[in-house]
Structure formats: structure tokens, C-alpha cells
Amino acid sequence: MSPMIETDTPPLPPARPEAMGMSSARLARIRPAFEREVAEGRLPGAVVAIARDGRLVHLEAAGFLDPVARTPMRADAMFSIASMTKPVCGAVAMSLVEDGRLLLSDPVGAYVPPLMEVQVARPTEAMLAGTGPIETEPQRRRMTVQDAARHTTGFVYGGFGGTAVHAAHPGTSITVARDHDAESLAKALAATPLRHHPGEQWEYGFSTDVLGLVAGAAGGASLGALMRSRIFDPLGMAETGYVLPAGQEGRFAKPLPACPITGAAQSVAAPLAPPKLEVGGAGLVSTASDYLRFAEMLRAGGSFGGSRVLSPATVRWMASDHLQGIAGGPDRMDPGLTGYGFGVTVAVRRHPGGSAFMGAPGAFGWSGVFGTYFWVDPAERLAVVLMAHAPGEMRLRYRRLVNMLVYQALER
């Protein structure tokens, strides 16, 4: 086994990096780069997994699983992946499209009736200033399932902006999973005016949670059950779910006790009990190996290990830019994504340059607020996963760091 593959049970068949057009010497720069971040007190630890052409070339841990106890990070550490739940929800939705149970052009309200006639906030000075009141008007058109898949429903997250609409929205994916069931979440969202008319603006918010409600209704099961049957079981993702597996608390990584930028206390809670609602926007716990299986399935056009999860045409459509004629984009969440469009729950690279990230046009992926990140680059035949608990603005640094470290190791 390569010294850069720290597991006896690799998630993909391993290969010498040179056989896959990558440099062992340059891949060996990854661990020291992350360990410097650890030594300088900016990062607790991380796990990086890299596949090329379906072969595992790198799976290494750096730093600490518990930075206070100084417990070394392990390659099979478990992480709360937050918004990296969204692409899994997107894959479930696309599998339901393939079954003929769902059309992306369908109105969301056909599956979640309370959302058929949600009102839209008028952009008055008082609403924009956050002082209210909110004046409303009917939607110019009903929100579709495609809107839910690409963050153009008009829903936002509570607190992710200063308008009165942001203040009225019910928290985030993480809080609604704790506080609501499917019926009560649909009613709470229906009672909240949209910030934008559907299909007109990209803005991060409850869109993927709405997609999860649609998927549950169309699939006739909870979102977690659909993920298990349609994604996790076929891909062998045995350690991914909405609750930490029993007895595995010792594998759950801990963040630094204080943010290295602000000094504020920070924590990432291990999901020891199932949430009230399995939402599409957040909540999964996973490992680098498990999520690499998911990323490689997408890279390979929907198949993995002899199991076909999605068709190649579906994956290409999922990973294409769906924001033509729509204002805004994912650089509102991460300025490094300047020039990126958005597909079905993933950001999609439009141009070779103009971004803080390296990669070829067509590369796609997403991240989690606690510090996790993944991307797939079909042109370069790469699938990459970074697992870290680094909440706060510091997480932006590690997305860029791992990106550069991967691409500098390519030889052809």
C-alpha cells in the first residue's frame, strides 16, 4: 500500500500515482502543508482523499482528531458535512426524475401543496433595511422543482442577510431539522414571503430543503430512506447517514475550541440522535472514503463498482450551468467561485480562469459550513474530498489550499 493511502480498506482500487498521471513527490506535499496549518493554530486536522480515473491515489490524515486531547487524526474520522448533504439530495431527486416520478418543470406545490401560492416580498425601502413591514405580491410564476434544485425558489436562510424577509425566515437547514417535521416545515415556509420571484435570482437558502420535501413526497419515503436505498447502499456508503453510528463517538472529529480569526468559541455537535426531519440542505455525517465513493460515482457518469445510480446524461445535465438569464450566483457564498454557474445542487465552473480555484470548465462540487469540501473535474478525471471541522471564514482558505495542492500534482 502506498504511504499516502492510510487505510486497509480503500474506498476505490488503489494505484501508484505515476500510473494515473500524478506525481508521488508532489502529492507528498499535501500532509506537510496541512500540518503547517495545524502547527500554526489555524486548523485542528483534516483528511484528504483523491481519485483519478477511478483509482485511489491519495488518502491521508493530518493533524488532530481532537486538538485539545492531541489525539491524532485518522483516515476514517467522521465529520458533519452540513451542506455537502445538498448534492446527495440532488442525486436522489434526479433518480426520481429517471423513474418518471418527478419532473423538474413541475411546480413544487404539486408535491408540497402549502408551497403552491407563496407570496413574494415587494422590495420596499423598509423591507430592504430590515425594519419592515413586509408588503407582498403574488408570484410571477410558480416555483418549480428546478428552482428548488438550483437555489432560485426565492427562499433564503434566516439571518443570512439584513432584510426583513431574512429575519422572517425560520433559521437554517440545521435548525429546521431539529424543530420541524415535513408538514410543519412546509407550513412555516408557506407563511414566509419569498425574497425574490421564483426563477429570477440565485440566493442561498431553503431551496434544497424544499427539494427534500418534494423528493420525500414523490418517492413515498423519508429523504434518509431514499438516500439509503438509492445512493448509500448501491455505493457502499455504510458510514453515511443522519446520525452517528452507535459506538463511533471516538471517531468524530472536533474543531478548535476557538475560531482562529475571531477568538469566539466554536463547536460542531456530533449527531447522536436522529433529527426530527431529514432535510435536504444539511445533516449528514460521513467519512472521506464514503463521500469519495459518491464523488467518483458522479465523475464516472453515474456508476460505481458495477452499480448504476444515475445515467451519464442525467449527471451531465445535473452538472451543467442552469443559471442562464438568472441574476447572482454561488460567488455570493464564496467569492472564490467568481465565474461559476450552478446546476442541480452543485456549483459549476464556466471558464478556465477568473476564479480563486484551479480546474477545467465543467468542474463541479460544493462545500459545508463546518469546513468540508468536494469537487469533481471530469476533464481532468479527478474526484477530491476534503474533510475538516474548520467552521468560520477559515474554511475558505482550506478549499483553496487543497485545490492548489491537487492540481500541482498532475503530470499529464
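Residues numbered from 1 in each chain as written. Predicted model: local features only at pLDDT ≥ 70, side-chain atom pairs only at ≥ 80, totals over all residues. Heavy atoms only, no water.

With that settled, the discussion passes to the pairing of strand β12 (residues 364–367). Where burial is concerned, the two faces of β12 agree: the one with Phe364 and Trp366 and the one with Gly365 and Ser367 are both buried. Bridge count for β12 against strand β13 (residues 373–377) is four bridges, and the pairing is antiparallel. Residue pairing across strands places Gly365 opposite Trp375, the latter belonging to β13. Connecting β12 to the antiparallel partner β13 that follows it, the hairpin turn spans five residues, and Gly371 within it adopts a positive phi of roughly 120 degrees. (Buried < 20%, exposed > 50% of the residue type's maximum accessible area, 1.4 Å probe, protein only. Helix = DSSP H or I, 4+ residues; strand = E, 2+ residues; numbered from the N terminus. Pairing = 2+ DSSP bridges.)

Take the sheet that holds β12 next. Strand order across the open sheet formed by eight strands is β3-β2-β1-β14-β13-β12-β11-β10, with antiparallel pairing between neighbours. With one partner strand each, in any of the chains shown, β3 (71–72) and β10 (340–342) form the two edges of the open sheet. Judged from the five bridges that link them, β13 and strand β14 (residues 382–387) form a sheet pairing that is antiparallel. Residue Phe374 lies in a different strand from β14, and its bridge partner there is Val385. Relative to strand β2 (residues 55–66), helix α2 (residues 30–39) is tilted by about 15 degrees, and along the sheet it contacts β1 (45–52), β2 and β14. Here helix α13 (residues 394–407) sits on the sheet in contact with β1, β12, β13 and β14, set at roughly 35 degrees to β13. (Contact = heavy atoms within 4.5 Å. Axes fitted to C-alpha atoms, helices over the stretch in contact; angles between N-to-C directions.)

Glancing now at the environment of Ile261. Along the chain, the position of Ile261 falls in the loop between α10 (223–235) and β7 (285–286). Take Ile261: its relative accessible area is 51%, and that puts it in the exposed class. Linking Ile261 and Leu194, residues 67 residues apart in sequence, is a C-alpha distance of 33 Å. If we ignore the near neighbours within four places in the chain, the residues touching Ile261 are Glu393 and Met394.

Across the interface, α2 lies against α13 with an axial gap of 10 Å and an inter-helix angle of 160 degrees. Between α2 and α13, the angle is such that the two are roughly antiparallel. Here α2 runs over α13; the crossing is right-handed. Taking contact as the criterion, the partners of Ile30, Ala33, Phe34 and Glu37 in α2 are, on α13, Arg397, Tyr398, Leu401, Val402 and Leu405. (Parallel < 35°, antiparallel > 145°, perpendicular 65-115°, else oblique. Left-handed = near helix turned anticlockwise from the far one by under 90°.)

Our focus in this paragraph is empty space enclosed by the protein. All told, the structure shown has one cavity of 30 Å³ or more when counted by the stated rule. Of the voids in this model, the largest cavity is the one considered here, and its volume is about 40 Å³. Considering the residues around the largest cavity, the lining is formed by Ile30, Arg31, Phe34, Ala46, Val47, Val48, His58, Glu60, Ala61 and Ala62. For the lining of the largest cavity, the elements supplying multiple residues, two or more each, are α2, β1 and β2. Looking at side-chain class alone, the lining of the largest cavity contains seven nonpolar, one polar and two charged residues. (1 Å grid on protein atoms, 1.4 Å probe; cavity = no way out; pocket = protein on both sides within 12 Å on 5 of 7 lines; lining within 4 Å. Points joined across faces, edges and corners; volume = space filled by probe spheres on them. Nonpolar A, V, L, I, M, F, W, Y, C, P; charged D, E, K, R; others polar.)

Across the six residues of β14, six count as buried, placing the element largely inside the fold. Burial of β14 is two-sided: the residues Leu382, Val384 and Leu386 facing one way and the residues Ala383, Val385 and Met387 facing the other way are all buried. Summarising the sheet, β1 and β14 pair through six bridges and their orientation is antiparallel. By the bridge assignment, Arg52 is partnered in β14 with Leu382. Linkage of β13 to β14, two consecutive antiparallel strands, is achieved through a turn of four residues, within which Arg381 is found at a positive phi near 65 degrees.

Purely geometric numbers; function is a separate question.
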